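Chain and residue survey
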Amino acid sequence: MRASLLPACSLLLALGAFEAAATAQVPPFEMAAATTTTGNRIDALVGARLQQLGIATALPCSDEVFVRRAFLDVTGTLPTAAEARWFLQDRAAGKRAALIEGLLQRPAFADYQAMRWCDLLRVKAEFPINLWPNAVQAYERWIHESLRQNVPYDRFVRALLLSSGSNFRVPEVNFFRAVQEKTPSGLAKAVALTFLGARYERWPDAAREGLEACFAKVAWKGTQEWKEEIVLFDPDRTVGAARTRGAFDAVLPDGSRVTIAAGVDPRTVFADWLLGRDNLWLARVQCNRIWCWLLGRGIVHEPDDFRADNEPANPELLDWLARELIDSGFDQRHVFRLILLSATWQRSSIPASRQPAAAANFAHYAIRRLEAEVLIDAICQITGTTEEYSSPIPEPFTFLPRGQRAIALGDGSTTSAFLELFGRPPRDTGLGQERNNQLTTAQRLHLLNSSHLRRKLQNGPGLAALLRGKQPRRAAVELWLAFLSRFPTQAELDAVQQYAASGVANERQVAEDVAWALLNSAEFLYRH
């Protein structure tokens with residue numbers, strides 16, 4: 001944090017960074033040898049594909065990596081130093097399964113999944129979505145409660161597709177308002193992307209017209225309340241493919257033709273087809289999405305680009321997961337649990353094979369940068385500080401109370417300079433590519449030089465409490481647990497001790513410099 005200390009901080013970065021795993025005195029990132037499998041069907045299907053390709057699998061991840069990975073992947077939250085220490089010192093044989101089950105029940109699991117779903121469903125008050133604050137609050141609360149209560153996924157989808165009423169009083173109707181084009185085409189595009197994982201604009205004309213017909217009778221009308229709007233089924237509406245008030249034909253996405261009788265809401269016909277127990281389309285898309293969230297890459301990649309010429313890396317695996325979701329009563333946590341308990345998800349991120357197909361077939365865990373919201377929440381958690389989030393809607397500005405977690409921000413219009421810089425999506429389209437998790441030069445400069453982060457390290461009460469009364473070596477242990485969820489290696493402890501003994505800084509400054517170095521390390525910035 002001071003120019004004269006850059007060489008020492010660079011040394012600390014080198015010792016603590018993930019890339020130096022192979023040179024550390026006690027490699028903390030993977031187990032020394034493979035463990036016996038538990039018979040998880042996921043591992044059998046992934047293993048068979050890898051064996052067919054002749055690709056070696058990575059070793060299992062260490063407990064140090066597991067506890068950090070589990071907290072981040074399930075709850076979007078870094079484990080505290082106390083939580084990491086407790087897990088690492090626990091000698092129970094089933095501690096990994098117990099931790100996974102506990103994390104799935106935490107409120108932060110619903111917070112994190114709601115953040116992901118609000119990205120997909122374009123939950124945003126301002127332009128170009130224009131849901132407006134009242135509707136956003138109701139919609140986000142409904143999404144969050146559905147995930148917290150583990151509402152079956154088919155019920156969740158049916159509610160979104162068939163809802164009618166006020167956008168302020170029936171939250172789920174905002175699915176039909178959170179589109180830039182309130183036309184059958186605009187609705188069909190949103191439905192295809194969200195539930196079919198498909199780019200509607202790439203479909204043939206006949207397929208697009210067939211899906212549009214299913215939403216041709218959706219209409220909107222205003223009320224006397226500011227920004228309130230009623231979404232309704234209008235049997236007399238004649239637009240697009242539904243050019244009659246009587247019966248008309250529609251073609252479903254699988255090519256089957258149906259006749260929609262007069263007075264019948266076409267959305268029910270589509271929903272019945274989509275949610276049929278023999279139709280794996282919806283379940284395959286959602287299982288692929290969950291897989292991507294947990295392993296960094298979909299079985300179909302990208303997750304929102306299902307098409308005939310973009311085949312799954314492992315079709316048998318995707319179909320098995322889809323059937324598991326359906327047979328469990330559309331219990332999404334069941335799918336999370338299956339993946340999290342698999343040896344596939346628990347593999348090290350250090351590849352055992354350099355073949356290009358290794359990553360696409362899940363021979364190792366995919367390294368990727370923490371999302372903007374997760375990263376700032378982790379920094380605030382360690383330092384005991386908070387961020388200020390605001391929105392220009394309604395005018396002049398809305399400010400949230402201190403202590404608000406970024407992963408729990410419901411409105412895409414509510415943001416901060418840090419979130420904007422680190423790639424939080426604008427929620428304009430629902431596409432996964434809206435989120436940018438690539439580490440840029442501007443982000444690097446902010447992490448290295450910003451007064452914003454320096455103040456957190458220097459003045460944060462959480463960091464002060466963590467370090468109070470501790471000598472450099474003991475302080476280093478607390479810092480490594482807080483930032484990296486592991487104990488430091490002997491080489492790292494020696495580097496801290498040598499730096500402290502150099503006399504260029506007092507004990508508090510040494511601790512701040514070490515924290516600064518760890519915050520800038522790849523091991524902290526990336527999930528691995």
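Residues numbered from 1 in each chain as written. Predicted model: local features only at pLDDT ≥ 70, side-chain atom pairs only at ≥ 80, totals over all residues. Heavy atoms only, no water.

**Considering empty space enclosed by the protein**
Counted by the stated rule, this structure contains four cavities of 30 Å³ or more. One number sums up the size of the largest cavity: a volume of about 110 Å³. For the lining of the largest cavity, the elements supplying multiple residues, two or more each, are α6 (107-120), α7 (133-148) and α15 (332-340). For the lining of the largest cavity, the residue count by class is seven nonpolar, four polar and one charged. If you add up the space inside the second largest cavity, you get close to 50 Å³. Lining the second largest cavity, in full, are Lys 217, Phe 233, Pro 235, Arg 245, Gly 246, Phe 248, Ile 260, Ala 261, Ala 262, Gly 263 and Val 264. Looking at the lining of the second largest cavity residue by residue, the class counts come to seven nonpolar, two polar and two charged. (1 Å grid on protein atoms, 1.4 Å probe; cavity = no way out; pocket = protein on both sides within 12 Å on 5 of 7 lines; lining within 4 Å. Points joined across faces, edges and corners; volume = space filled by probe spheres on them. Helix = DSSP H or I, 4+ residues; strand = E, 2+ residues; numbered from the N terminus. Nonpolar A, V, L, I, M, F, W, Y, C, P; charged D, E, K, R; others polar.)

**A short note on helix α19 (residues 441-449)**
Along α19, the positions that sit buried rather than exposed are Gln 443, His 446 and Leu 447. Along the long axis of α19, the arc covered by the buried residues comes to 95°, so they all point the same way. Elements that come into contact with the buried residues of α19 comprise β6 (368-369), α18 (417-421), α20 (451-459), α24 (507-519) and α25 (522-525). (Buried < 20%, exposed > 50% of the residue type's maximum accessible area, 1.4 Å probe, protein only. Arc of directions from axis to C-beta. Contact = heavy atoms within 4.5 Å.)

**Overview of the side chain of Asp 43**
Mapping Asp 43 onto the fold places it in helix α2 (residues 41-53). At 5.2 Å, Arg 347 is the nearest oppositely charged side chain to Asp 43, a buried residue that forms no salt bridge. Of note is the side chain of Asp 43, whose polar atom sits 2.9 Å from the backbone nitrogen of Ala 343. A polar atom in the side chain of Asp 43 sits 2.8 Å from the side chain of Thr 344. Leaving out residues up to four positions away in the same chain, Asp 43 has contacts with Ser 342, Ala 343 and Thr 344. (Lys, Arg positive; Asp, Glu negative; His and termini not counted. Salt bridge = Lys/Arg side-chain N within 4 Å of Asp/Glu carboxyl O. Polar contact = N/O pair within 3.5 Å; in protein donor to acceptor, adjacent residues only side chain to side chain.)

**Thoughts on the packing of helix α3 (residues 63-75) against helix α4 (residues 81-89)**
Put simply, α3 and α4 touch, their axes get as near as 10 Å, and they point 135° apart. Our classification of the angle between α3 and α4 gives oblique. Crossing angle aside, the handedness with which α3 passes α4 is right-handed. Residues Asp 63, Glu 64, Phe 66, Val 67 and Phe 71 of α3 touch α4, and the partners they reach there are Glu 83, Phe 87 and Leu 88. (Axes fitted to C-alpha atoms, helices over the stretch in contact; angles between N-to-C directions. Parallel < 35°, antiparallel > 145°, perpendicular 65-115°, else oblique. Left-handed = near helix turned anticlockwise from the far one by under 90°.)

**Quick notes on the pattern of salt bridges**
Within this structure, the stated rule accounts for 35 salt bridges. Across the pair Arg 85 and Glu 478 runs a salt bridge, and its minimum N-O distance is 2.5 Å. Highlighted residues: Arg 85 in helix α4 and Glu 478 in helix α22 (residues 472-484), separated in sequence by 393 residues. Accessibility classification places Arg 85 together with Glu 478 in one group, the buried group. One salt bridge in this structure joins Arg 267 and Asp 265, with 2.8 Å as the shortest N-O distance. Judged by relative accessible area, Arg 267 falls into the buried class, the value being 1%. Connected through salt bridges with shared partners, the residues Asp 119, Glu 373, Arg 424, Arg 427 and Arg 435 form a single ionic network.

**Describing the packing of aromatic side chains**
Per the stated rule, a full pass over the model turns up 18 aromatic pairs. When the ring of Phe 176 is compared with that of Phe 215, the centres are 6.4 Å apart and the planes differ by 45°; the resulting orientation is tilted. Residue Phe 176 is located in helix α9 (residues 174-177), and its partner Phe 215 is located in the loop between α11 (205-213) and β2 (218-222); the two are separated by 39 residues in the primary sequence. You can call Phe 215 buried: its relative accessible area is 1%. Ring geometry for Tyr 200 against Trp 203: centres 6.2 Å apart, planes inclined by 55°, an arrangement best described as tilted. The two residues Tyr 200 and Trp 203 agree in class, both being buried. Clustering of aromatic rings is evident, with ring pairs tying together Phe 175, Phe 176, Phe 195, Phe 215, Phe 270, Trp 273 and Trp 281. (Phe/Tyr/Trp six-rings, centres within 6.5 Å; stacked < 30°, edge-to-face > 60°.)

**Let's talk about unusual backbone geometry**
For the bond running from Phe 127 to Pro 128, omega is 5°, close enough to zero to count as cis. Mapped onto the elements, Pro 128 comes out in the loop between α6 and α7. Cis geometry is adopted by the peptide bond preceding Glu 302, which originates at His 301 and carries an omega value of 0°. Residue placement: Glu 302 occurs in the loop between α13 (281-295) and α14 (315-327). One non-glycine residue, Arg 122, lies in positive phi territory at about 60°. Note on placement: Arg 122 falls in the loop between α6 and α7. Overall, the relative accessible area of 4% leaves Arg 122 in the buried class. Unusually for a residue other than glycine, Lys 227 sits at a positive phi of about 70°. Within the secondary structure, Lys 227 sits in the loop between β2 and β3 (229-233).

**Examining the sheet that holds β2**
Strand pairing in a sheet relies on backbone hydrogen bonds, with the paired strands running either antiparallel or parallel. If you trace the three strands from one edge of the open sheet to the other, you get β1-β3-β2, paired in antiparallel fashion. On the outer flanks of this sheet lie β1 (165-166) and β2, each paired with one strand and no other. Summarising the sheet, β2 and β3 pair through five bridges and their orientation is antiparallel. Bridging from a neighbouring strand, Trp 220 pairs with Val 231 of β3. (Pairing = 2+ DSSP bridges.)

**Considerations on the confidence of the model for the chain**
Looking at the chain, pLDDT values average 91 and 92% of them are 70 or higher. Counting contacts from residues 3-8, a segment whose pLDDT is below 50, to residues more than four positions away or on other chains yields five contacts. Ignoring residues within four places in sequence, the model shows residues 10-26, a span with pLDDT below 50, making 31 contacts including any to other chains. (pLDDT = per-residue confidence, 0-100.)

**Focus: the layout of surface pockets**
Size it by volume and the largest pocket reaches roughly 1,100 Å³. In this structure, the largest pocket is lined by 41 residues; those nearest its centre are Cys 292, Gly 296, Glu 302, Gly 432 and Asn 437. Elements that contribute at least two residues to the lining of the largest pocket include exactly α6, α10 (184-195), α13, β6 and β9 (526-527). It is α6 that provides the largest number of residues to the lining of the largest pocket, a total of five residues. Looking at side-chain class alone, the lining of the largest pocket contains 17 nonpolar, ten polar and 14 charged residues.

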